[in-house]
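The chain contents come next:
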Amino acid sequence: FALNKKHPEPRMFTPHAELKSSYDVVIIGGGGHGLAAAYYLAREHGITNVCVLEKGYIGGGNTGRNTTIIRSNYLTPEGVQFYDESVRLWQDLSQDFDLNLFYANRGHFTLAHTDAALRTMRWRAEVNKHYGVASEVVGPEVVKEAAPMIDITCGGHAPILGALYHAPGSVARHDAVAWGYGRGADQRGVEIHQQTEVLGIDVQGGKVKGVQTSRGYIATGKVLCAVAGSTPRILKMVDIKSPIYIHPLQAMVSEPVKPWLDPILVSGSLHVYISQSARGELVMGASLDPYELHGTRSTLDFVEGLTTHMLEMFPFLSNVKVMRQWAGMADMTPDFAPVMGKTPVEGFYLDSGWGTWGFKATPVCGKTMAHTVATDTTHPLITGFSLDRFRNYALTGEKGAASVGH
Ligand code: FAD
């Protein structure tokens, strides 16, 4: 037996034994956002002397823990245009990467169980249509037609009165997104260093000079922070205050069952969202845990609460087993919009405030942050998400479109 040792290329990434002493750009965080920024820095700006530092393994943060819902039916003009651009980018990504992301366009229903919820949906539908995003309010009969197994009265507790239907709503395989961006960046010369934690940031005279890591010091003039649930820790290193706070967000999957659910369903009132993955598992999530915690433990309380509401919608699932549960650390903002762009520290750029809604934004974040870092000019699509909006009382209020319904 002869082992084939002649693979011409590494299967995914080139391993690098050593860190260089300096890079043009250091990206902290090997989640989808950090890797996407590295990819577009190399592909669109020709900046390849870049390293991505990841304290664990790539995609091991919220990128590999989310429920993969992709949509653009937000509430504010800033949000709708930004996420719409992301949805456009998603559609070509498998092709771009030559890697199957299992991107599946399913259609997305946000269910309304009250008149107040219907009113917000009409508002969202009008804003969406104004910006050319397919979004419309539909009656309960359309929901029943799309998901025939649903109990439209939800056990008689919370009858479905209508829904916001968003045809572009999709799901994708989340870890493949990190691998695709990582491999694409690697092929263009970016270095990815896993098991490498940033412990400090060297700022002198208000400018970034380097980063201290668990494997030594790196000199650099530009640092992009893309660490989601660890954002407050990194911001402490550069002495920047932000209103970001961390809450756990949990999710779970069932055992695989035959395909029976095509669309993605979200109920803000029952705190449930559900889709069926390509391999038949029901992917289910709920709202945030109601307390601040920097940790990823998952609870029995969560499973009990979520399954109760699931059974109100789909009583026939009572014998289906829950297979896995987990949590991520959601970096929440007071207005439920992200925090992106330049900061008061020269050379320190921020991609954060991704709370429960940042997976769908991965491609557009990569593109807009790469532009911002490369040119030191804020990309026009992210001006509404600047950190100083909190000081200027100019919030971008997305709560009506961001909470529960990813
Ligand atoms: P991450 O993927 O968390 O990557 C950050 C990385 O930084 C981590 O890998 C971490 O290890 C690393 N890091 C941290 N500190 C350091 C350090 N000091 N040095 C080096 N590396 C460091 N969004 C949607 O759009 N749709 C959804 O359906 C959806 N569902 C969700 C469900 C759950 C349960 C959760 C938790 C989140 C959900 N989200 C969803 C949100 C989405 O997952 C995140 O907003 C998004 O993945 C953030 O990506 P990221 O690359 O910024 O962060």
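Just so it is clear, the model here is predicted, and its values are computed rather than measured.

Q: Go over the site of the ligand with me, naming the residues and quoting the values.
A: Lining the immediate environment of the ligand, one finds 38 residues, of which E54, N62, T63, T67 and K360 sit closest. A distance of 3.2 Å separates an oxygen atom of the ligand from a polar atom in the backbone of G32. In this structure, an oxygen atom belonging to the ligand sits 3.0 Å away from a main-chain N or O atom of I69. Burial of the ligand by the protein amounts to 97% of the accessible area it has alone, namely 1000 Å². Mapped by element, the contributors of at least two residues to the shell around the ligand are helix 1 (32-45) and strand 14 (245-254). At three residues, the largest contribution of residues to the shell around the ligand is made by strand 14. Split by residue class, the shell around the ligand holds 14 nonpolar, 19 polar and five charged.

Q: An account of the side chain of T196 is needed here, citing residue identities and associated values.
A: Relative to the elements of secondary structure, T196 occurs in the loop between strand 9 (191-193) and strand 10 (198-204). Of note is the side chain of T196, whose polar atom sits 2.8 Å from the side chain of R215. In contact with T196, other than residues within four places in its own chain, are L19, L53, E54, K55, T213, S214 and R215.

Q: So what about unusual backbone geometry? Which residues, and what values?
A: Positive phi, normally seen in glycine, also occurs at T68, with a value near 65°. Looking at T68, the relative accessible area reads 11%, which means it is buried. Phi is positive for D376, which is not a glycine, with a value near 55°. For D376, the location among the structural elements is in the loop between helix 8 (362-375) and helix 9 (399-402). Judged by relative accessible area, D376 falls into the partly exposed class, the value being 35%.

Q: Quick one: what's the story with the nonpolar core, residue by residue and with numbers?
A: Counting residues in each nonpolar core, the largest one holds 63 residues, and the members touching the most others are I27, F82 and Y181. If we skip the residues at most four places from it in the chain, I27 touches G34, A37, A38, L41, V50, C51, V52, L53 and L224.

Q: Describe the sheet that holds strand 8 (residues 170-171), listing the residues and the values that go with them.
A: Strand order in the open sheet made by the three strands is 3-8-4, with antiparallel pairing throughout. Bordering the open sheet on either side are strand 3 (69-70) and strand 4 (104-105), each of which pairs with just one other strand. With two bridges connecting them, strand 4 and strand 8 associate as antiparallel partners. Note on strand 8: the bridge partner recorded for A104 is V171.

Q: Tell me what's going on with the confidence of the model for the protein chain, and back it up with residues and numbers.
A: Chain-level statistics for the protein chain give a pLDDT mean of 95 and a share of 97% at 70 or above. Under the prediction, the complex receives an ipTM of 0.99, its pTM being 0.97.

Q: Give a detailed account of the packing of aromatic side chains, specifying residues and quantitative values.
A: Per the stated rule, a full pass over the model turns up 16 aromatic pairs. Between Y39 and Y181, the aromatic rings sit 5.2 Å apart at their centres with planes inclined by 75°, giving edge-to-face as the arrangement. With Y39 in helix 1 and Y181 in helix 5 (residues 174-187), the pair connects residues that are 142 residues apart, well separated along the chain. Accessibility classification places Y39 together with Y181 in one group, the buried group. Ring geometry for W90 versus Y103: centroids 6.1 Å apart, planes at 15°, classification stacked. Placement of the pair is W90 in helix 2 (residues 77-97) and Y103 in the loop between helix 2 and strand 4, with a sequence separation of 13 residues. Residue classification places Y103 among the partly exposed positions, given a relative accessible area of 22%. The structure contains a cluster of three or more aromatic residues connected by ring pairs, namely Y74, F82, Y83, W354 and F385. Geometry around Y83 places K360 over its ring, the cationic atom sitting 5.9 Å from the centre.

Q: Got a sec to walk through the pairing of strand 1 (residues 25-28)? Specific residues and values, please.
A: Side chains of strand 1 alternate between two faces, with V25 and I27 and V26 and I28 buried alike. Each parallel crossover has a hand, and the one from strand 1 via helix 1 to strand 2 (residues 50-53) is right-handed. Inspection of the sheet shows strand 1 paired to strand 13 (residues 223-225) by three bridges, in the parallel sense. Residue pairing across strands places I28 opposite C225, the latter belonging to strand 13.

Conventions we followed
- Residues numbered from 1 in each chain as written.
- Predicted model: local features only at pLDDT ≥ 70, side-chain atom pairs only at ≥ 80, totals over all residues.
- Heavy atoms only, no water.
- Near = heavy atom within 4 Å.
- Polar contact = N/O pair within 3.5 Å; in protein donor to acceptor, adjacent residues only side chain to side chain.
- Areas by Shrake-Rupley, 256 points an atom, 1.4 Å probe, with all protein chains shown as cover.
- Helix = DSSP H or I, 4+ residues; strand = E, 2+ residues; numbered from the N terminus.
- Nonpolar A, V, L, I, M, F, W, Y, C, P; charged D, E, K, R; others polar.
- Contact = heavy atoms within 4.5 Å.
- Buried < 20%, exposed > 50% of the residue type's maximum accessible area, 1.4 Å probe, protein only.
- Core = buried A, V, L, I, M, F, W, Y, C linked by side-chain atoms within 4.5 Å.
- Pairing = 2+ DSSP bridges.
- pLDDT = per-residue confidence, 0-100.
- Phe/Tyr/Trp six-rings, centres within 6.5 Å; stacked < 30°, edge-to-face > 60°.
- Lys NZ or Arg CZ within 6 Å of the ring centre and 35° of its normal.
- Right-handed = clockwise from strand over helix to strand, strands pointing away.

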